[in-house]
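Each chain is listed here by its residues.
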Amino acid sequence: MSGAATASAMRKTLAMLLICTTAFFSAAEENAGRGRIKWWPRLTPAVMPTGISQLAILEFPPDAAAGDAPAKLELTLPDGVRYLGSPTAWINPNRPNVHALPFPERTAKAEAAEQTGNILRMSFASGNFGKEPQTFLPMLFEVNAAPGNYAVKAKIESGGVLRVEELALKIMPPLDPEPCVKPLIVWDYPGVDEPYLPIIINSFTAAGFNRFYEAREELPNRKSATDFQQRFKTAHGIAFSMDGVAQYYKDRPLPAGMIAVLTEKPDCGWMVDHPDESRLLIGEFLAFMTAGKPFQYAIMDCERGAFKMNGEKIVGDLTEYNRRRFAEYAGLEQTPTAAEIAEKYREPWIAYCCRLTAEYAAMFESAVRAALPNCKYEIYSGYQFANGSTRQNYAMNWGEMTEVGMDAAGAGYFGSRKDVRNTAEAIAPTPLIPAEMYMENFNTPGIPSPRLNVDNFAFRLIQVYLWSGCGGMQIWHGGVLTGGGLVAINRFKNFVNATAGITDGAEFIPADDLLTTTPRPAAENIYCFRKDGKTNAIVLNPTDTAAVMRITPATPGGKRLTLKMAPFSYRIEEIQ
């Protein structure tokens, strides 16, 4: 071997050793979804729309940097991407386990950050990394880069070890700014500190969101998205659980004058039986929830259930008062214990709890309208699953909710076409605004989910919207939505706006009643609407492969259509 060849071989060997010592991981480990620095929510490539400032989150495995040593991070960003800062959020003392951003105890906080050109350098004190199961780094970027595919180089140095990785990033075209013509709701946790709120709210409204449902109470001395509603022309709702009033008074004194009529803390059964007294309780509770801020919607989350833990644990109001009430409902001579109910009266208890949900929601309707004048009243729960699990797990029978006075209903998540249709039909003519989950929270260490890819998620929303009756959409929840989620929401919004003129006020007709479709299974992706003497078909291809559909109207002389559908596309065709 020549000297040059020997030197070359040595360089290759040293290069391989360097790769090992800088903690690169094998392809097998990468495919398992572990051990790499990733953009949240672990999609490859990550997505950022251009022309807007937005939240981006880096996720570091426990061994990315030594937890007991200072660390330096260097990111080589695309030209046109500028770091604005790292957003922070406060903890609500009443609900410390939910958070508007990644949990503070697993978030790295830079001591200093400086960007020169497209190089961002950040320094961290010891203790910022090495957290289980990951360390998060939330950042806000102003993105004005040209659309295209990029590699963001990440260098992190800590404890004498340098780690270098390349993170795939796709810059997408700008979001379409046209407002959504239907309710497009983001569930939100108040908590983001005020300096960062306008940036995050603006990214949501630019994607298409026009309503914010706040999933915990407001605090008088803290600002939330609700305080920016005039600036962004948004509507806002306050959400609370069915047990909210009872939980509020668990550690607080009852209002003056209530002690004489209520010897123990109120439960839902007692409140139904005492609506006048309950109005006072509810008024104080809603004043606490809203902190005097203006809200246009009040949403009761009815998910308390009759049995939880796969039906093993009895839940609900198990006070002596409510067990007596159940005994009267079930025609029992004596008041049973909770254990006796679980053992002997399982089905009657489920039916009773569903009935109590409806009674309580109806009682609450008049109280909420008195406490929050001009406020719409909505109910949220799980879908009307055909196997009956909604009744057991949520104490909800949507068929009993038609007389409670709700203006709209919400339900989710991951429902099938049948589940969504069952729910919409059970509450008709009250509109159903379904809910879909992007990511549940930041406690999800699993592998990337294909359903979160921009096209997959956008077309899932489109399908659920069509199944539910085209009333709008809810997304859980805002804190986890980064660039890819914003792009998917924007695509869904564009579909809603493009088709609203066809669906609003129209009669939905099953495609099988009007058409013969080849291939036969493609008929489930055709939605027909009759309006003003015309019948239009919205045809979807919700897959990542091209498709050809041949559609023949059932009426003699109808025009046969051959549609060549690109992946993840839709067409609007008039049926003649």
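Check the entry above for the structure.
Residues numbered from 1 in each chain as written. Predicted model: local features only at pLDDT ≥ 70, side-chain atom pairs only at ≥ 80, totals over all residues. Heavy atoms only, no water.

K.L.:
So what's going on with the packing of helix α8 (residues 320-330) against helix α10 (residues 346-371)? Residues and values would help.
P.N.:
The contact between α8 and α10 brings their axes to 10 Å, and the two run at 110 degrees. Between α8 and α10, the interaxial angle falls into the category roughly perpendicular. Contact with α8, carried on its side by N322, R325, F326, Y329 and A330, involves P348, W349, A351, Y352, R355, L356 and E359 of α10 and no other residues of that element. Residues belonging to the contact of α8 with α10 are distributed by class as follows: eight nonpolar, one polar and three charged. (Axes fitted to C-alpha atoms, helices over the stretch in contact; angles between N-to-C directions. Helix = DSSP H or I, 4+ residues; strand = E, 2+ residues; numbered from the N terminus. Parallel < 35°, antiparallel > 145°, perpendicular 65-115°, else oblique. Contact = heavy atoms within 4.5 Å. Nonpolar A, V, L, I, M, F, W, Y, C, P; charged D, E, K, R; others polar.)

K.L.:
How would you summarise helix α7 (residues 275-290) if you had to cite specific residues and measurements?
P.N.:
Over its 16 residues, α7 extends 22 Å from the first C-alpha to the last, a length consistent with the 22 Å expected when each residue adds 1.5 Å. Of the positions making up α7, those classed as buried are S278, L281, I282, F285, L286, M289 and T290. Along the axis of α7, the buried positions cluster into a sector of 150 degrees, meaning they face one direction only. Where α7 is buried, its residues contact β13 (235-241), α5 (244-248), α6 (268-273) and α10. (Expected span 1.5 Å × (residues − 1). Buried < 20%, exposed > 50% of the residue type's maximum accessible area, 1.4 Å probe, protein only. Arc of directions from axis to C-beta.)

K.L.:
Mind laying out the packing of α7 against α10, listing which residues take part and the relevant values?
P.N.:
Here α7 crosses α10 at 50 degrees, and the two axes come no closer than 9 Å. Relative to α10, the element α7 is oriented oblique. The way α7 lies across α10 gives a crossing that is right-handed. Contact residues: α7 offers P275, S278, R279, I282, G283 and L286, while α10 offers M363, F364, S366, A367, V368, A370 and A371. Across the contact of α7 with α10, the residue classes tally to nine nonpolar, three polar and one charged. (Left-handed = near helix turned anticlockwise from the far one by under 90°.)

K.L.:
Describe the side chain of S569, with residues and values.
P.N.:
Structurally, the position occupied by S569 is in strand β27 (residues 569-574). Not counting the four nearest positions on each side in its chain, S569 is found in contact with F459, V539, L540 and N541.

K.L.:
Quick one: what's the story with the nonpolar core, residue by residue and with numbers?
P.N.:
Counting residues in hydrophobic clusters, the biggest one holds 136 residues, and the most contacted among them are Y360, F364, I379, W398 and L466. Setting aside anything within four residues of it in sequence, one finds F364 in contact with F240, V245, I282, L286, M300 and Y377. (Core = buried A, V, L, I, M, F, W, Y, C linked by side-chain atoms within 4.5 Å.)

K.L.:
Tell me what's going on with the environment of V420, and back it up with residues and numbers.
P.N.:
Of note, V420 is situated in helix α12 (residues 417-427). Look past the residues within four positions of V420 in its chain and what remains in contact with it is Y383, G415, L432, V464, W467 and S468.

K.L.:
Requested: an account of the pattern of salt bridges, with residues and values cited.
P.N.:
Taken as a whole, this structure holds 26 salt bridges when the rule is applied. Measuring nitrogen to oxygen at the nearest pair gives 3.2 Å for the salt bridge that ties R121 to E74. Residue R121 is located in strand β7 (residues 119-124), and its partner E74 is located in strand β4 (residues 71-76); the two are separated by 47 residues in the primary sequence. Look at E74 and you get buried, because its relative accessible area is 19%. A salt bridge links K293 to E218; the shortest N-O distance between them is 2.8 Å. (Salt bridge = Lys/Arg side-chain N within 4 Å of Asp/Glu carboxyl O.)

K.L.:
So what's going on with the sheet that holds strand β26 (residues 561-565)? Residues and values would help.
P.N.:
The strand order β22-β25-β26 describes an open sheet built from three strands, whose pairing is antiparallel. Looking along the sheet, the strands with just one partner apiece sit at the ends: β22 (515-518) and β26. Going from strand to strand, the sheet's axes swing by 25 degrees on average, the running direction of each strand aside. Note: strand β25 (residues 547-553) against β26, five bridges, orientation antiparallel. If you follow A547 over to β26, its bridge partner there is M565. (Pairing = 2+ DSSP bridges.)

K.L.:
Tell me what's going on with the environment of V404, and back it up with residues and numbers.
P.N.:
With respect to the helices and strands, the residue V404 is situated in the loop between α11 (389-394) and β18 (408-411). Between the alpha carbons of V404 and I171 there is a distance of 47 Å; along the sequence they are 233 residues apart. In this structure, V404 is in contact with A358, A361, A362, E365, Y377 and I379, ignoring residues within four places of it in sequence.

K.L.:
If you had to explain the sheet that holds strand β20 (residues 473-476) to someone new, which residues and values would you point to?
P.N.:
Spatially, the eight strands close up into a barrel ordered β11-β12-β13-β14-β17-β18-β19-β20, and their pairing is parallel. Sheet twist, expressed as the mean angle between neighbouring strand axes with direction ignored, is 25 degrees. With four bridges joining them, strand β11 (residues 184-188) and strand β12 (residues 211-214) adopt parallel strand pairing. By the bridge assignment, I185 is partnered in β12 with R211. Running over the sheet, α12 touches β18 and β19 (432-437) and is turned about 150 degrees from β19. Across the sheet, helix α13 (residues 454-468) is in contact with β19 and β20; its angle to β19 comes to roughly 155 degrees.

K.L.:
Kindly report on the packing of aromatic side chains, identifying the contributing residues and their values.
P.N.:
All chains considered together, the criterion is met by 33 aromatic pairs. Between the aromatic rings of F60 and F129, the centroid separation amounts to 5.1 Å while the plane-to-plane angle is 80 degrees, which identifies the pairing as edge-to-face. Remark: F129 occurs in the loop between β7 and β8 (135-143) and F60 occurs in strand β3 (residues 52-60); sequence separation between them is 69 residues. An identical accessibility class is assigned to F60 and F129; each is buried. Among the aromatic residues, those joined into a cluster by ring pairs are W187, Y189, Y213, Y297, Y380, Y413, F414 and W476. Its end group placed over the ring of F288, R252 keeps NZ or CZ at 4.7 Å from the ring centre. Positioned above the aromatic ring of F307 is the side chain of R346, whose terminal nitrogen or guanidinium carbon lies 4.1 Å from the ring centre. (Phe/Tyr/Trp six-rings, centres within 6.5 Å; stacked < 30°, edge-to-face > 60°. Lys NZ or Arg CZ within 6 Å of the ring centre and 35° of its normal.)

K.L.:
Lay out the side chain of N525 in plain terms, naming residues and giving numbers.
P.N.:
Its place among the elements puts N525 in the loop between β22 and β23 (526-531). Apart from the residues lying within four places of it in its own chain, the contact partners of N525 are Q463, I538, V539, L540 and P542.

K.L.:
Got a sec to walk through the pairing of strand β10 (residues 161-172)? Specific residues and values, please.
P.N.:
Direction of pairing for strand β2 (residues 46-49) relative to β10: parallel, over a ladder of four bridges. Of the residues in β10, the one forming a bridge with A46 is L169. Summarising the sheet, strand β9 (residues 148-158) and β10 pair through 11 bridges and their orientation is antiparallel. Paired with N149 across the two strands is K170, which belongs to β10. Where β9 folds back onto β10 in an antiparallel hairpin, the turn is made up of two residues, including G159, whose phi is positive at roughly 60 degrees.

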